[in-house]
Amino acid sequence: MAESLASPAHKLSNKAVKVWRLSETLSNIIALIVLAILLFLDYHFSWIYWIGWILIGLVILTIVGAPWGYIRAALLYKHWRYDISEEFLQLKKGAIKEEHQLVPMTKIQSVSTKQGPLLRKYGLYAVTVQTMGSSHTIPALEKEVAVELRNTIAQYAKVEEMEE
């Protein structure tokens with residue numbers, strides 16, 4: 001058990017930073033487009049005067065907060081760690097508010113790999129582990145690492161592969 005309490009050592013793929021920054025950029029662009037449309041509608045239909053000020057404030061907050069997304073991506077990558085043993089899946093994340101989770105292999109009910117469009121662009125996968133009451137995700141791993149991790153967790157947790 002002392003081995004399983006050591007701090008996790010495995011890192012995510014370094015491409016995770018690019019994925020998170022691209023995701024943050026797309027979110028900010030969409031938010032600014034929506035706010036621009038609302039500002040146009042405010043001007044065109046002469047809504048109550050304070051609505052325009054709120055919209056301008058939201059635009060300013062979005063622009064000022066955008067650099068945080070770039071800093072946050074680097075911090076997430078720097079502090080995200082995982083490890084597995086025959087007894088536990090360990091997850092450690094967080095720069096300011098550190099979170100260290102131990103998921104017993106006996107509680108794992110299913111394990112899967114997922115890949116959205118941004119992860120696909122960079123050849124990455126997320127590994128998701130389901131227990132009775134929660135779900136845990138290791139966000140950005142190379143394909144070979146993700147498949148090996150999924151298979152190892154399934155073997156340790158004695159998860160049966162189901163035909164689809």
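Given the structure is predicted, the values throughout are model-derived calculations rather than measurements.

We now examine the overall build of the protein. The secondary structure content of the protein amounts to four helices and seven strands. Each helix and strand of the protein, ordered N terminal to C terminal, gives the series β-α-α-β-β-β-β-α-β-β-α. The C-alpha radius of gyration of the protein comes to 21 Å, more than 25% above the 15 Å expected for a compact globule of 164 residues. The principal-axis extent of the C-alpha atoms belonging to the protein is close to 65 × 40 × 30 Å. Each of the 164 residues in the protein was classed as buried or not, and the buried ones make up 32%. Nonlocal contacts in the protein, meaning residues at least 24 apart in sequence, comprise 51% of its contacts between residues at least 6 apart. For the protein, the accessible surface area stands at approximately 10800 Å², while carbon and sulfur atoms represent 61% of it. Here the protein holds 17 positive side-chain charges and 15 negative ones, and the gap between their average locations is 8 Å.

Here we come to the pairing of strand β2 (residues 81-84). Looking along a regular strand, one sees the side chains alternate between the two faces of the sheet. Examined bridge by bridge, strand β1 (residues 10-11) and β2 share two bridges and lie antiparallel to one another. Considered in β2, the bridge of His 10 is made with Tyr 82. Pairing geometry for β2 and strand β3 (residues 88-93), over four bridges, is antiparallel. Paired with Arg 81 across the strands is Lys 92, a residue of β3. Here β2 hands over to β3 after three residues, the two strands then running antiparallel side by side.

The next point concerns unusual backbone geometry. Here Ser 46, not a glycine, exhibits a phi torsion of approximately 50 degrees, which is positive. Along the chain, Ser 46 turns up in the loop between α1 (16-45) and α2 (49-79).

Turning our attention to the pattern of salt bridges. For the coordinates displayed, the defined rule picks out two salt bridges. The salt bridge involving Lys 15 is made with Glu 142; its shortest N-O contact spans 3.7 Å. Highlighted residues: Lys 15 in the loop between β1 and α1 and Glu 142 in strand β7 (residues 135-142), separated in sequence by 127 residues. Across the pair Glu 98 and Lys 92 runs a salt bridge, and its minimum N-O distance is 4.0 Å. Using a relative accessible area of 52% as the deciding quantity, one classes Glu 98 as exposed.

Parameters and conventions
- Residues numbered from 1 in each chain as written.
- Predicted model: local features only at pLDDT ≥ 70, side-chain atom pairs only at ≥ 80, totals over all residues.
- Heavy atoms only, no water.
- Helix = DSSP H or I, 4+ residues; strand = E, 2+ residues; numbered from the N terminus.
- Rg over C-alpha atoms; globule rule 2.2 N^0.38 Å.
- Buried < 20%, exposed > 50% of the residue type's maximum accessible area, 1.4 Å probe, protein only.
- Contact = heavy atoms within 4.5 Å.
- Areas by Shrake-Rupley, 256 points an atom, 1.4 Å probe, with all protein chains shown as cover.
- Lys, Arg positive; Asp, Glu negative; His and termini not counted.
- Charge placed at Lys NZ, Arg CZ, Asp CG, Glu CD.
- Pairing = 2+ DSSP bridges.
- Salt bridge = Lys/Arg side-chain N within 4 Å of Asp/Glu carboxyl O.

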